[in-house]
Structure formats: structure tokens, C-alpha cells
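Coordinates in review
Residue strings, one per chain:
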Amino acid sequence: MNKPVEAHPFLDPRELVVDQPQDGTFLVSRRLFNEAELFELEMKYIFENTWIFLCHEGQVPNPGDFFTTEMGRQPVVITRGKDGQVHGFVNACAHRGATLCRTRKGNQQFLTCPYHGWVYDTAGKNVDIKDHASGAYPPAFEQQSHDLKAIPKLAVYRGLVFGSLNPDVPTLAEHLGGAAKAIDFVMDQSESPLEVLRGWSTYTHRGNWKLQPENGIDGYHFTAVHANYVGVMKRDAERRAQKAAAAGGVQRSFGGDSLLQMKSGWYDYGRGHTLMWGSFGQPQNRPVWDRREQIAQRHGAAHAEWVVGRLRNLLIFPNLLLMDHAATQIRVIKPVSVDFTKVESFALAAREDSPDARTRRIRQFEDFYNATGLATPDDLTTFEACHDGLQGRLVPWQLGYDRGFAQVRAGGDEESAAVGMDAHMSGPDFQDEVLLHGQYREWLRLLAPVLAD
Ligand code: FES
Ligand SMILES: [Fe+2]
């Protein structure tokens, strides 16, 4: 066995995920949701070892802007330098490690450490050591770098800022693969970069972080968990049909749509990135509808159909869900501990939105995505129910990954071919569960250094 020596014994992968496509078996152990040791390994080998999502460029629009977040267990700060470039650093002073930026966001031309007053510019360079001249420092100190530690890899795609604490990773383009095209479908609803609307929603729930990427692309739960949401939207549409313009309020994108009768599907792009999609029954109610002709002129009819006529939930493993249906959401998954998870939710909007379209976008964001909405509270209740149920370890394996097994296709399909989108696998129904396999395959791949051969 040619593996690096670790302080812990190698894990037996057969006890964690059973992936045997040849006989139609895919099982996930409940240990993945319960064991603190596995959580520590996930932080080290996933969140602190590969590309993860950090923020949207629109959250640091001006020179001097900063935005604080975490990469696994490590605090980081993203800045916009005087040069207009996005930079990223460990948010800890080089001197004695105090956090530098202590608010979620702000604007400073220089970052001054509140502890002993060392000062850095927004590109991370140390520009002042307080009372340096009288400090009687040894030569070895003078020869060391006093700058902030830069995030080793930082790259931006369509406004989305990603970073990796491990410098030895493929390029972001290689990492995203075919999923980049699915990001384009979200971003191309506007000719200019989408803007991040002010404010955000943060919520926490008991339960392991992996409940989030699973649920984010789980079409099968929609009509059960979100029956209330579907019912309210349906009644609103019926009321409008009877009263027409006198109905008042904001016209929603969903209404009399029968989601399960619409064309749908999914793509597995590799590295855990996965898209579930469906057609809108009434795309004319979407905020982007007014720009459909310009989008078709710019990108072609097939691409425009993906942008305007289809809803999508895109998982960029491990911590980003881009959701684009009733409104457009960036959802960031932040593992806190093996049994506690934080989620942050930001709204994206097109600068060209008419006042009506903007109002509809915001109302629909509140309807579905907000922690006070009609959908997210039902999901949160479900996460905690799963967490409690998963303590029943007398049942070792989850059985929730089999729907759609018999209709998996290798590669893409005619819909992806129409826009030149690469995919490793695809399927024709967004209620399929086989689209969840990719994230566990990537989980296994990243944990390979601690798995027995
Ligand atoms: S810890 Fe920052 S100046 Fe001392
Ligand atoms: Fe949900």
C-alpha cells in the first residue's frame, strides 16, 4: 500500500459508499452524516484542499471593499485592491494571528490590525510595523515576509470567486468542466454582470452539511416537502384566472404549472458538479422574459431556451448551490461541525430588470428561498428530521439513490448537444436520484489519501 502515513488508520471505503453500477447498487453509509472523525477529514481533504466558492465579485465592487468568509476551518478575507483586482488572504495578522477584518464586509484603504497596529494594503502587503525603527529587531525578522498569507489559488468565473488552499489543483476551468455552461445559463439573463442585491439571509440547522448538496438537487422531495408552496401558488394562479388584472399583488412565475408533467432532466459534469433542470410552464412570468429576444440574438435560440425557458439547481461541489427558478439565488454551504450547518443565501438580479420584474424577483425570492418563506422552513424541518433519524445507526445504509438507475445515459443528450455542453452522465427526469451519485463519488475521490486500497 503506497499511501502517506497518517495519524489515523485508513478507512475502508466499502464501509462508506458502495458504488457498483454493474449490479445497480449505490449505497451511502449513515456514518457519513454522524462521525466527527469523518468531518475532520472532510475539512482537511475537501474544504481545505480543493476549489471552493468564496463570494460573488459584486460583493467587493469597489477598491478597498472587503468581504470575510471561511474556507473550511480557516478565516479568509476577499478584497478589491487599488489595482481593481480581487485578492484573497487568510484573515489573520502575520504578527500574532488576530483577525484583521472583523465585520462581514466593509471598505478600507488599509487594513490595520486592532491588536498591535500592523498595517497592510488591500493587496496584502505589510506597509507598516508599528514602532518598527525602535524595535531592535534581529536580522532574521527583517528578512521574513510580513505580508498576509495569500489564498494559494484564486480565480473568477462569471463573477463567482473561487479559491483553493491547496496550490496543486487543476485550473478552475478544468475543475468546472461542463458545469461552466450551466453557470452561463444563470449569468446570461443579463448582458452585464448580475448584481448581488443588498442584504442576505443566514440560517442554521442541526444536521450534517451533506444534507445540503443532496437536497439542493433533489427533485423527488419537491411535491412532498413543498406541497404548501405549490398549493399557495396554484390558488394564486386560479384567483388570477378568475379576476384577471383585478387580482392585485405580484404575478408569480409558478402558478398552474404542473411541474412533474414538464420536460426535465439532469447532468453529472464530474467532480461532484451536477445540474437538475426543468421547463417552465409559463416562462412569460419570469423576470428575464422581456430580454428573451436579445439573449437569442446574442447566444442563439437553443442557449436562450436554456436561459429563459428552464429552471435549474446547480451544485458546484462542495459548497455552492446556484438556484435559478422563482428567483436567482447563491446558496453557500458552511459546515460548522459534524451535526451543525450554516447556510448563507444571496439574491442575484439583472441590472436591466424593469421595476415590475425586480419586484417580482424579490417577492419570489422571499416566497421560496428566504428563511421566512414558504419553502425553506419546510426544508429546514426536514434536515433536522433527517439528522434525528440518521442517529438510528442500527440501519447502516441509506437507500435513497436508486430512482432513475435504469435510464441513466453515458454523456449528455440532445439538449446538451444543442448548446455544446459536455456532461459525463445525464438522465431524463429531475426526480431521478442517480444524479446524487456524483457528489459521493467526488467525496470518495477527495478522501482517497485516507482510504485503504
Ligand atoms: S496580532 Fe496583529 S499587530 Fe499584533
Ligand atoms: Fe426543498
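Definitions and limits used
Residues numbered from 1 in each chain as written. Chains lettered and ligands numbered in written order. Predicted model: local features only at pLDDT ≥ 70, side-chain atom pairs only at ≥ 80, totals over all residues. Heavy atoms only, no water. Core = buried A, V, L, I, M, F, W, Y, C linked by side-chain atoms within 4.5 Å. Buried < 20%, exposed > 50% of the residue type's maximum accessible area, 1.4 Å probe, protein only. Domains from an automatic or database assignment. Contact = heavy atoms within 4.5 Å. Buried area = accessible area lost by both parts, 1.4 Å probe. Salt bridge = Lys/Arg side-chain N within 4 Å of Asp/Glu carboxyl O. Helix = DSSP H or I, 4+ residues; strand = E, 2+ residues; numbered from the N terminus. Donors = N, O, S within 2.8 Å, 3.2 Å for Na, K, Ca; no water. Pairing = 2+ DSSP bridges. Axes fitted to C-alpha atoms, helices over the stretch in contact; angles between N-to-C directions.

**Section: the nonpolar core**
In terms of nonpolar packing, the biggest core is built from 107 residues, with Leu160, Phe162, Tyr269, Leu314 and Ile330 touching the most fellow members. Counting the residues that make up this core, at least three belong to each of domain 1 (52-157) and domain 2 (188-450). Counting 14 residues, the second-largest nonpolar core is a separate cluster that includes Phe66, Cys113, Tyr120 and Ile129.

**So, the domain arrangement of the chain**
Domain boundaries in the chain define domain 1 (52-157) and domain 2 (188-450). Each of domain 1 and domain 2 was reduced to a C-alpha centroid, and the two centroids are 35 Å apart. Contacts between domain 1 and domain 2 engage ten residues on the former and twelve residues on the latter. Both sides together, the interface formed by domain 1 and domain 2 hides about 950 Å², and carbon and sulfur atoms give 63% of it. The tally of links between domain 1 and domain 2 comes to two salt bridges.

**A look at the pattern of salt bridges**
Applying the stated criterion to the full structure yields 29 salt bridges. Between Arg239 and Asp236 there is a salt bridge, with its nearest N and O atoms 2.7 Å apart. With Arg239 and Asp236 both in helix α8 (residues 227-243), this residue pair falls three residues apart, about one helical turn. By relative accessible area, Arg239 is classed as partly exposed at 32%. With relative accessibility at 16%, the residue Asp236 sits in the buried group. Through salt bridges with shared partners, a single network forms among Glu195, Arg291, Asp353, Arg358 and Arg361.

**Describing the coordination of the iron ion (ligand 2)**
Protein-derived ligands of the iron ion (ligand 2) are His221 (NE2), His226 (NE2), Asp379 (OD) and Asp379 (OD), with the metal-ligand distances lying across 2.0 to 2.3 Å. Spacing between the donor residues of the iron ion (ligand 2) along their common chain follows H-x4-H-x152-D. One end of the pair, His221, is in the loop between α6 (211-216) and α7 (222-225); the other, Asp379, is in helix α12 (residues 376-389), with 158 residues separating them in the sequence. Asp379 shares its class with His221; the two are buried.

**Examining unusual backbone geometry**
That bond from Phe317 to Pro318 is cis: its omega, 5°, falls within 30 degrees of zero. By secondary structure assignment, the location of Pro318 is in the loop between β17 (310-316) and β18 (320-324). Even without being glycine, Arg158 reaches a positive phi, approximately 50°. Along the chain, Arg158 falls in the loop between β11 (153-157) and β12 (160-164). Of the residues examined, Arg158 reaches a relative accessible area of 33% and is grouped as partly exposed. Notably, Arg271 is not glycine yet its phi reads approximately 55°, a positive angle.

**Observations concerning the sheet that holds strand β21 (residues 397-398)**
Taken in spatial order, the three strands of this open sheet run β1-β2-β21, and their pairing is antiparallel. Every interior strand has two partners, whereas the edge strands, β1 (17-20) and β21, have only one. Two elements, strand β2 (residues 25-29) and β21, share two bridges in a ladder whose sense is antiparallel. Looking across to β21, one finds that Ser29 is bridged to Trp397.

**Concerning the sheet that holds β11**
One open sheet holds the three strands; their spatial order is β3-β12-β11, and the pairing between them is antiparallel. With one partner strand each, in any of the chains shown, β3 (52-56) and β11 form the two edges of the open sheet. Neighbour to neighbour, the strand axes of the sheet diverge by 30° on average, direction disregarded. For β11 and β12, the ladder comprises five bridges, and the chain directions are antiparallel. Across the sheet, residue Ala155 finds its bridge partner in β12, namely Phe162.

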